[in-house]
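Summary of structural features
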Amino acid sequence: MRAITALFYVFCFVVPSALAQLRQGFYGRSCPRAESIVANVVANRFRRDRSITAAFLRMQFHDCFVRGCDASLLIDPRPGRPSEKSTGPNASVRGYEVIDEAKRQLEAACPRTVSCADIVTLATRDSVALAGGPRYSVPTGRRDGLRSNPGDVNLPGPTIPVSASIQLFAAQGMNTNDMVTLIGGGHSVGVAHCSLFQDRLADPAMDRSLNARLRNTCRAPNDPSVFLDQRTPFTVDNAIYGEIRRQRGILRIDQNLGLSGSTRGIVSSFASSNTLFRQRFAQAMVKMGTIRVLTGRSGEIRRNCRVFNNGR
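The name an unreviewed UniProt entry gives the chain is Peroxidase, with Arabidopsis arenosa as the organism. Recorded in UniProt under Function (unreviewed entry), the annotation for the chain is "Removal of H(2)O(2), oxidation of toxic reductants, biosynthesis and degradation of lignin, suberization, auxin catabolism, response to environmental stresses such as wounding, pathogen attack and oxidative stress. These functions might be dependent on each isozyme/isoform in each plant tissue."

**Quick look at the environment of Arg246**
In this structure, Arg246 sits in the loop between helix 11 (239-245) and helix 12 (252-257). Reaching out from Arg246, the side chain makes a polar contact with the side chain of Glu243 at a distance of 2.9 Å.

**Describing the state of the cysteines**
The final tally for this structure, using the stated rule, is four disulfides. Paired by a disulfide, Cys31 and Cys110 hold their sulfur atoms 2.1 Å apart. Its S-S torsion of about 75° marks the bond between Cys31 and Cys110 as right-handed, since a negative value means left-handed. Separated by 79 residues along the polypeptide, Cys31 in the loop between helix 2 (16-19) and helix 3 (34-48) and Cys110 in the loop between helix 5 (96-109) and helix 6 (116-130) bring together distant segments of the chain. Judged by relative accessible area, which is 1%, Cys31 ranks as buried. For Cys110, a relative accessible area of 9% translates into the label buried.

**Description of the UniProt feature "binding site: Ca(2+) 1" (unreviewed entry) in the chain**
Feature annotation in UniProt places "binding site: Ca(2+) 1" (unreviewed entry) on Asp63, Val66, Gly68, Asp70, Ser72 and Glu84, given in this structure's numbering. For the annotated residues, spread through 22 residues, the largest C-alpha to C-alpha distance comes to 12.7 Å, consistent with a single compact locus. Assignment of secondary structure puts Gly68 in the loop between helix 4 (52-64) and helix 5. For Gly68, a relative accessible area of 0% translates into the label buried. Non-local contacts of Gly68, meaning those with residues more than four positions away in its chain, are made with Asp63, Ile291 and Arg292.

Calculation notes
- Residues numbered from 1 in each chain as written.
- Predicted model: local features only at pLDDT ≥ 70, side-chain atom pairs only at ≥ 80, totals over all residues.
- Heavy atoms only, no water.
- UniProt positions renumbered as here; feature names shortened; annotations may be inferred.
- Helix = DSSP H or I, 4+ residues; strand = E, 2+ residues; numbered from the N terminus.
- Polar contact = N/O pair within 3.5 Å; in protein donor to acceptor, adjacent residues only side chain to side chain.
- Disulfide = S-S within 2.5 Å.
- Buried < 20%, exposed > 50% of the residue type's maximum accessible area, 1.4 Å probe, protein only.
- Contact = heavy atoms within 4.5 Å.

Take a look at the structure:
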C-alpha cells in the first residue's frame with residue numbers, strides 16, 4: 001500500500017497541470033460520505049455480480065478516452081440527438097444502473113455536489129479492490145461534460161496493431177507501460193464474443209488445447225462469449241500476462257503485446273511479478289482518471305447522470 005501511495009504522489013509531481021484542481025478528499029466537507037456511499041452501492045452489486053468490475057473498467061476507459069473523463073458516455077441518446085452511447089464500440093458497455101443508484105443516494109445526501117465523472121472513477125476503483133486488485137487512492141473534483149457526440153468516439157478495436165495502440169495512448173498522455181498495464185489489467189476480468197477473435201482461432205501459433213476449447217465453445221449459436229483470462233477470470237491480477245507468454249492470449253491485441261519488441265519485456269515483467277503489476281496498475285488507473293478532466297467552473301454537476309442539466 002505504501003508503494004502504491006508513493007507512486008501516486010510521484011505521478012502528482014510529474015503531471016501537475018492535470019491534477020491542479022483535483023485532490024484526494026475533495027468532498028471531505030461538502031459531502032463527507034460521498035466515497036462511502038459509492039463504495040456501498042458497488043459492494044452490494046459485486047456481491048450479486050462479480051463481473052461488474054470488468055464493466056466499470058470498460059466504462060471508465062471508454063469515457064476517458066473520448067474527450068476526457070467527463071461522464072459524457074453516460075448521456076442517453078434522444079430522438080434526433082444521438083450520444084456516445086449510440087456508437088458500436090459502446091454498445092457492450094454496461095453498469096449504468098449502478099452509477100444511477102449511487103447518484104440517487106448522493107443527491108439525497110448532498111444535492112448537486114458529487115459529479116457523475118467522479119462516481120465512475122470511484123466505482124471503478126472500488127470494484128477493482130473487491131476483485132482482488134490493488135487498493136489505491138484517487139483524487140476527486142471532476143466535473144461533468146456538456147457534450148456527448150457519437151462522432152467523437154474513436155476507440156481501439158481488438159485487432160489494433162501495437163504500434164497504433166501506442167500512438168492512441170500517447171495522444172492521451174499515456175505511455176507504453178501504461179498501455180500494457182491497462183489493456184492487460186482490464187482484460188484480466190473481461191470477456192469477448194467469439195466474433196471478436198476469429199483471427200486468433202486461425203493462428204497456428206495459438207496454444208492448441210486452448211484453441212480447441214475455444215472452437216468448441218464458439219460452435220454454439222448467438223455468438224458466445226469467453227473469459228479473456230482463462231486462469232483467474234474474476235480477479236484483477238497478473239495471470240493474463242503469463243497466458244500471453246504461452247501463446248494463450250485470446251484477443252489479437254493481447255497476444256501481440258507479448259510478441260512486439262516494444263511491449264514484450266513489459267509483459268514478461270508483469271508475468272513474473274504480481275506485486276509489480278499491482279503497483280503499475282494502480283498508477284496507470286490514477287493517471288487515466290486525469291485525462292482532460294473538467295474542474296473548477298468548467299462543465300456542470302449533473303442531477304441525473306443520463307441527462308444534461310438543461311435537458312438537452
